[in-house]
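# Descriptive analysis of the structure
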Amino acid sequence: MANFFDYKRQVDLVTAATQIVKEFPQARFLLLGEDRGTMPYIQQEIARLGLQDFFAIIPGRPDPENIYAAIDVYVCTSDTEGFSNVILEAMACGKAVIATNVGGNPEAVVPDKTGIIVPVRSPKAISQAARRLLESPELRLSMGALGRKRIEEQFSVKMMVTAHEKLYSRLLLDRSISAAAKDKVTQ
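An account of the accompanying structure is given in this report.

## Here we look at the overall build of the protein
For the protein, the count of helices and strands is eight helices and five strands. Counting from the amino terminus, the protein carries its helices and strands in the arrangement α-β-α-β-α-β-α-β-α-β-α-α-α. The C-alpha radius of gyration of the protein comes to 21 Å, more than 25% above the 16 Å expected for a compact globule of 187 residues. In terms of overall dimensions, the protein has a C-alpha envelope of 80 × 40 × 30 Å along the principal axes. Taking all contacts inside the protein whose residues are at least 6 apart in sequence as the whole, residues at least 24 apart take part in 61%. Carbon and sulfur atoms provide 54% of the accessible area of the protein, an area that totals close to 10700 Å². Counting 23 positive and 22 negative side-chain charges, the protein places the averaged centre of each group 5 Å from the other.

## Considering the nonpolar core
Among the nonpolar cores identified, the biggest contains 28 residues, and Phe29, Leu51 and Phe55 are the most heavily contacted of them. Elements with a contribution of two residues or more to this core: α1 (10-23), β1 (29-32), α2 (39-48), β4 (96-100), β5 (115-118) and α6 (123-135). The biggest single contributor to this core is α1, with seven residues. Discounting residues that sit within four places of it in the chain, Leu51 has contacts with Val14, Ala17, Thr18, Val21 and Ile46.

## Considerations on the sheet that holds strand β3 (residues 73-76)
Taking strand neighbours across the sheet as the criterion, the three strands line up as β3-β4-β5 in an open arrangement whose pairing is parallel. The two strands at the open ends of the sheet, each matched to only one other strand, are β3 and β5. Shown here is a sheet whose adjacent strand axes are inclined to one another by a mean of 10 degrees, direction ignored. Relative to β4, β3 is paired through four bridges, and the arrangement is parallel. Directly across from Val73, in β4, lies its bridge partner Ala96.

## Here we look at the pattern of salt bridges
Inspection of every chain in the model, using the stated rule, returns ten salt bridges. Its salt-bridge partner being Arg148, residue Glu152 comes within 3.2 Å of it at the nearest N-O pair. With a gap of four residues between them, Glu152 and Arg148 both fall in helix α7 (residues 137-154), about one helical turn apart. Assessed through its relative accessible area of 43%, Glu152 is described here as partly exposed. Here Arg148 falls in the partly exposed class, since its relative accessible area comes to 40%.

## Things to note about the pairing of β4
For β4, the tally of buried residues reaches five of five residues, placing the bulk of the element in the interior. Traced from β3 through helix α4 (residues 85-92) to β4, the parallel crossover comes out right-handed.

## Side note on unusual backbone geometry
Negative phi characterises most residues that are not glycine, and trans characterises most peptide bonds. Residues other than glycine seldom take positive phi values, yet Asp112 does so here, at roughly 65 degrees. With respect to the secondary-structure elements, Asp112 resides in the loop between α5 (105-108) and β5. The exposure class assigned to Asp112 is partly exposed, which follows from its relative accessible area of 45%. Unusually for a residue other than glycine, Arg121 sits at a positive phi of about 55 degrees. Given the relative accessible area of 47%, Arg121 is considered partly exposed.

## Points about α7
Along an α-helix, residues three or four apart share an orientation, since each turn contains 3.6 residues. Taking 1.5 Å of rise per residue, the 18 residues of α7 would be expected to cover 26 Å, and the 25 Å separating its terminal C-alpha atoms lies within 8% of that figure. Among all positions in α7, only Arg140, Met143, Gly144, Gly147, Arg150 and Ile151 are buried. The buried residues of α7 occupy an angular sector of 125 degrees when projected down its axis, which confines them to one face. In α7, the exposed residues that point more than 90 degrees away from the buried face are Glu138 and Leu141. In this fold, the buried residues of α7 make contact with β3, α4, β4, α5, β5 and α6.

Each value, and the rule that gives it
- Residues numbered from 1 in each chain as written.
- Predicted model: local features only at pLDDT ≥ 70, side-chain atom pairs only at ≥ 80, totals over all residues.
- Heavy atoms only, no water.
- Helix = DSSP H or I, 4+ residues; strand = E, 2+ residues; numbered from the N terminus.
- Rg over C-alpha atoms; globule rule 2.2 N^0.38 Å.
- Contact = heavy atoms within 4.5 Å.
- Areas by Shrake-Rupley, 256 points an atom, 1.4 Å probe, with all protein chains shown as cover.
- Lys, Arg positive; Asp, Glu negative; His and termini not counted.
- Charge placed at Lys NZ, Arg CZ, Asp CG, Glu CD.
- Core = buried A, V, L, I, M, F, W, Y, C linked by side-chain atoms within 4.5 Å.
- Buried < 20%, exposed > 50% of the residue type's maximum accessible area, 1.4 Å probe, protein only.
- Pairing = 2+ DSSP bridges.
- Axes fitted to C-alpha atoms, helices over the stretch in contact; angles between N-to-C directions.
- Salt bridge = Lys/Arg side-chain N within 4 Å of Asp/Glu carboxyl O.
- Right-handed = clockwise from strand over helix to strand, strands pointing away.
- Expected span 1.5 Å × (residues − 1).
- Arc of directions from axis to C-beta.

Just geometry here; none of it tells us what the structure is for.
What follows is the structure in structure tokens.
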């Protein structure tokens, strides 16, 4: 679930899929997003590698929660990222995550607890992580459940509002202390 920008590196998932389907011919892949320049290339790579029966590409949709319900694992292959909302969404939906080691991904995904962190531009690492999760439905479900719990405990609206309130209170207190100290120096 990522628009088709070059930096989203969907091609790495396509490349990893060549190995995954050899071991797990029942595996299927879903790419969801709007074309931002690389969709034709991704479609060509899928065809070139003979993976048309394994991939579906769906333009962006306003109801990603319905897509999450249909997947077992979410894979983020970006070679650059801020703090990915889509990873948080997948975890909130109880999905194990495979994500590249960029931006806020390692902050969101607890390695070997809520998902697997892989090196950037490494289809081999993606396929190894996928193999691990496909071989163990229990691990997938456990990671998904722990991911959902992490979202509830660390990234819920209630937690974020509480954190902001604490920050604002601390800033106001610091400002008051600073103003009082300044007044004392000028006396």
